[in-house]
Amino acid sequence: MADHVGQGLGSAKGYSSPLSSPPSSPTSTPESLKQNLPEIENNVTSPPATNKRKRESTSPKATAKKPKTVYYGNKQEGKPMPHGQPVVWSDKRQGLCEALPYYRAYQSGAYTHGGKVLGFMCDGEVGDRDVFEDQIMIARVGGGKTINEETGQREQTKSQDDCALAISFIESQNTRQPIVVIAGQGNTGSPSKLPHYYNVLDHFHVTDVWCEKYNSVVRWMVRLEKIDLAHKSWWSAGTTSHSHPNFVSPKALGQVCSICKVHSKNIYKQGWVCLNADPVKAVVGKHEKTTCPAFFDFGRDVDDKTLKFTEEFLLERTRFPGHLTEPLVPQMPNAADKDVIGALAFEESCRKGIVCTQCGCCSRRIHWEKWVCENPLCGFTSALTPRAVPASPAISEDEDPKDHTFVSKSIASTTVDLCSGNWAVTKYDIPGEEGEIVGNVFHFKSNTTINGQPNGPDDLFAELQVAKLGLKRNPSKCRGARNEVLTAHWAHNWGAPYKYSVRQESTEFEKAPRVIIKALKRLTWAGKQAVSTGFDKDDKGKEFQPFNEMLSVGYFEKGYMGYHDDGEATLGPTVASISLGCSSTMKWRPKKKNSIVSERERINQKGIKKDVLSIFLEHGDIMVMHGSRIQQLYEHTVIPHGKLRFALTSRYIIPATISDPIGRRIAETAANLPDFSSEYEYDGSMTAGSKIQVLPRTKETHQHSDAWPTTGTVSSEDLQETYFSVLARMQTAGSPTQVGTMQTAQSSPQAGTMQTAHSFSQVGTMQTASYFSQDGTTQPGYEQYQYSGNTPRLCYLAEASATPPPGCEHHGYLMNLPVTSSYEYTATTYPPPSMYPTYNGPYAPVVAPPAGPLQPQFQQPQYYGYNYTPMMMAPAQNYASMWEDGQDERQETLARQSGQ
Ligand SMILES: O=C(O)CCC(=O)C(=O)O
């Protein structure tokens, strides 16, 4: 390894997520990966032999498969095989842009940031004088090409005067900025056959940026030299030998121009020429070109198309004067990132792609819950378990709702009085081309009371975070192609399949998680309200059609849904959606091909119009659009303002419009509601959905200990140390009803009793370590608890999922987990098990402590946010009847606790 490479990478801070504290795992460097890459044989690349990068979750199968190199019908047929393989590659442009911090250029051939070039793409459009060798690249810089109507080729027909990209290359050279070069299979000049469509070559540095003429047209050129010259480049033809760099000779010497006094190198075989055509220079406060009059004047007739570079210019080598600070393989977000205070694992860095540590494939985050390598032959996956995000205003960026609200003068707004509940509803009348009303947008404004209702928005938000929603990003353009573009949000459809331009998977309502059905009921209520007060309310026959579909959409930080309409011919006139999580702005603008405009209108060149309505949606708000013509005349977009948001949107798909009878049957069956759906009927009232009794609460403050890890196995020593301590620790700031992280420990020194450590790192997922003491010896591990129901105010049920050790009984808990930011949590009792339709197993009753000597901690029954039998393993019996029996006693205890 060359010294400079080692040095640079040693100090690499990595392109890891902005969440990064110093990574806990070693940074994977290009060098280390290179060393691990075996020589290519029969076009097959083996994965690196070892990879120590820490991952929170990785498919165990990942290392077993050997990804094969895929060759396309590229422009390099007949070229020799390369000496090695790229450590980073992609077959999708979006993959590169999402996974590589040094190449976020979706369109252009170079990625600039802070006025410097960080990444450069050499794909098609190879110029006559371009050079692509083992150690150097020479290429034309930037734009200015148009289609030549005669040849049909893209050609540069006009001189490039000021070239912003050339200035950025000069800045990279001056600041010693390494540039990563990527080569595409469209490049005819590569010395070998490139194995993937996009292949990351290596770090280069700029040695020369100059202006030349080609076909009498001025153009900018750049010469880049590979930084690590000590090792043979992977793209060298397999048969060529590696030439070690000579930094002394040859050198392309030059001379000073007698007119402008500026030195130019001697780079053309045809002779020296002045190359001074600075892109722009600031001269006394203004920008002025300082091109020398002798620029590109050879003093004789020279056909500029036939110019050739001198051997010296091609062979000279320049030691890179800077340092490599960023690796070719960016660090993927890892557990250390997640442990940074405030990090949720929904940050933009987690929305981005990764470079697969097994095969180097740039992989977009297609699945909501994990990264899956996009190389179909690999199988690597990686995940970060997200934090439980509380339903709190704190999860929205600091936005002023007024700044996100706009109502065009042509739109009348009125307040709608609903007969039930305390929703504040605003109705907007949306005009057509003649000013007639074509539909309404309703904004149902929620509030903390509505949000906190059982099965209300807070509960829905908590449940959505743990439900299996199958959310995926789907192609919005060019499905399967190199330029395929995935949406900036994740989605999954429920009920009748909803077919629109973005194709996605759909699951019938009967298989949907309960949260979908609960939300559907709320949207159905809102839709009905809207239709009964909408612009066509008097039009008989325009009855509300209950929704038979729901699109669940999830957004990470910086996700969005672009302008679109819900105007498919198969859809009914009403669309309703509920917003959960961070706030967002929803905006409507008239489509191009109609005469509707906003008073702010200044139609831009592409005919795109300004928004006529913009509303600020907060957690719990419901939006309803009613009127098909809204969809014909307008399009809408949604831009969230925070790290996590869900939107559940329902529509009515008209079965009669599905011409294929099988498709119609499938849609009808998929829309059947599960039997339990009637439990979640919603009528807008304040008591709606409160089948679950809300009982009095008390607050207790408990000892706080940091001794425990938030995840992982807890040793019995840990248990002893934190003997019967309760830790309720908030991981996220916000209101006192948020669910945070909670760890509990209970223990008993007696044979036949039990020690338990509970560590809650997110709503609904509990990591546990349990130790059963049978005969004085501790037997670790047996329980893995699962929860059913995941809402802050619902009781939680922990159920052992494996068989207990001999002599131990199955054991269950009822729990409740509201956690406040001051290390207090609210102890709430819970209604009888019959109130919990999702659970049919046994419940641990609250009973008195066992007889006999006890540790002081166990001498009183404890109520730590949940009631349980402190140390005794309850024998299997009829818990439900025991519950009933203990009811009075519990009420008394509660009354005592709440000082009544
Ligand atoms: O509220 C949202 O995020 C998007 C709703 C929407 O426009 C849709 O699903 O079509």
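Throughout this description, residue numbers start from 1 for each chain and increase along the sequence as written. Predicted model: local features are reported for residues with pLDDT of at least 70 only, side-chain atom pairs are reported and counted for 80 or more only, and whole-chain, interface and lining totals are derived from all residues. Excluded from the side-chain calculations are hydrogens and water; all other atoms, namely the structure's heavy atoms, are used.

Quick word on the sheet that holds strand E31 (residues 613-617)
No. 1: DSSP calls a pair of strands paired once it identifies at least 2 bridges connecting them. Think of it this way: any DSSP run of H or I at least four residues long counts as a helix, any run of E at least two long counts as a strand, and we number them from the N terminus. Across the sheet, 5 strands lie side by side as E19-E31-E30-E33-E28; this open sheet has antiparallel pairing. The strands lining the two open edges of the sheet, one partner per strand, are strand E19 (406-407) and strand E28 (561-564).
No. 2: Bridge count between E19 and E31: 2 bridges; the pairing is antiparallel. If you follow Phe406 over to E31, its bridge partner there is Ser614.

Examining the pairing of strand E27 (residues 549-555)
No. 1: Burial analysis of E27 places 7 of its 7 residues in the buried class, the great majority of the element.
No. 2: Under the scheme applied here, a residue whose accessible area is under 20% of the maximum for its type counts as buried, over 50% as exposed, and between as partly exposed, the area being computed with a 1.4 Å probe on protein chains only. Neither face of E27 is exposed, since Glu549, Leu551, Val553 and Tyr555 on one face and Met550, Ser552 and Gly554 on the opposite face are all buried.
No. 3: In the sheet, strand E25 (residues 490-495) pairs with E27 via 6 bridges, with the strands oriented antiparallel. Across the sheet, the residue bridging to Gly495 is Glu549, located in E27.
No. 4: Direction of pairing for E27 relative to strand E34 (residues 645-653): antiparallel, over a ladder of 7 bridges. The residue bridging Tyr555 from the neighbouring strand is Arg645, located in E34.

Here's the deal with the site of the ligand
No. 1: Residues are counted as near a molecule or strand when any one of their heavy atoms sits within 4 Å of it. Near the ligand the following residues occur: Leu551, Tyr555, Met561, His564, Asp566, Ser577, His636, Val638, Arg645, Ala647, Thr649 and Arg651.
No. 2: Taking Asp566, its side chain carries an N or O atom lying 3.3 Å from an oxygen atom of the ligand.
No. 3: The side chain of Arg645 places a nitrogen or oxygen atom 2.6 Å from an oxygen atom of the ligand.
No. 4: Calculation of accessible area relied on Shrake-Rupley with a 1.4 Å probe; when residues are assessed, cover is drawn exclusively from the protein chains displayed. Relative to its unbound accessible area of 300 Å², the ligand is 98% covered by the protein chains.
No. 5: Among the secondary structure elements, those contributing two or more residues to the shell around the ligand are E27, E28, strand E33 (634-640) and E34.
No. 6: Per element, the largest residue contribution to the shell around the ligand is 4 residues, and it comes from E34. For this analysis, a polar contact is any N or O atom pair within 3.5 Å, provided that within protein one partner can donate a hydrogen and the other can accept it, and provided that sequence-adjacent residues contribute only side-chain to side-chain pairs.

Thoughts on the UniProt feature "binding site: 2-oxoglutarate" (unreviewed entry) in the protein chain
No. 1: The feature "binding site: 2-oxoglutarate" (unreviewed entry), as annotated in UniProt, sits at His564 and His636 in this numbering. With the annotated positions falling across 73 residues, the maximum pairwise C-alpha distance of 5.5 Å places them together in a single cluster.
No. 2: Turning to its location among the elements, His564 is positioned in strand E28.
No. 3: Other than its neighbours up to four places away in sequence, His564 contacts Glu635 and His636.
No. 4: Turning to its location among the elements, His636 is positioned in strand E33.
No. 5: Residue classification places His636 among the buried residues on the basis of a relative accessible area of 3%.
No. 6: Contact criterion: two residues are considered in contact whenever any of their non-hydrogen atoms come within 4.5 Å of each other. If near-sequence neighbours (up to four positions away) are discounted, His636 is found in contact with Gly562, Tyr563, His564, Asp565, Asp566, Met586, Lys587, Trp588, Met625 and Gln631. UniProt positions are given in the numbering used here, feature names are shortened, and annotations may be inferred rather than shown by experiment.

What to know about the pattern of salt bridges
No. 1: Any carboxyl oxygen of Asp or Glu within 4 Å of a side-chain nitrogen of Lys or Arg constitutes a salt bridge here. Following the criterion strictly, the structure yields 26 salt bridges and no others.
No. 2: Where Glu225 meets Arg223, a salt bridge forms, and the shortest distance between an N and an O atom there is 2.7 Å.
No. 3: With a relative accessible area of 0%, Arg223 lands in the buried category.
No. 4: Taking the shortest distance from any N to any O, the salt bridge between Arg589 and Glu635 comes out at 2.9 Å. Of this pair, Arg589 sits in strand E30 (residues 584-590) while Glu635 sits in strand E33, and the two are 46 residues apart along the sequence. Comparing Arg589 with Glu635, the two get one shared label, buried.
No. 5: One connected set of salt bridges, linked through shared partners, spans Arg129, Glu212 and Arg219.

Some details on the packing of helix H9 (residues 457-466) against helix H10 (residues 514-533)
No. 1: Contact geometry for H9 and H10: axes closest at 10 Å, N-to-C directions at 150 degrees. Classified by the interaxial angle, the pair formed by H9 and H10 is roughly antiparallel. By crossing handedness, the relation of H9 to H10 is classed as left-handed. Judged by residue contacts, Pro457, Leu460, Glu463 and Leu464 of H9 engage Val515, Lys518, Ala519 and Arg522 from H10. Axis geometry follows a simple rule: fit a line to the C-alpha atoms, using only the stretch in contact for helices, then measure angles between N-to-C directions, giving values from 0 to 180 degrees. Any angle that is under 35 degrees is reported as roughly parallel, and any over 145 degrees as roughly antiparallel; angles of 65 to 115 degrees are reported as roughly perpendicular and all others as oblique. By definition, any crossing whose near helix is turned counterclockwise from its far helix by less than a right angle is left-handed, and any crossing with a clockwise turn is right-handed.

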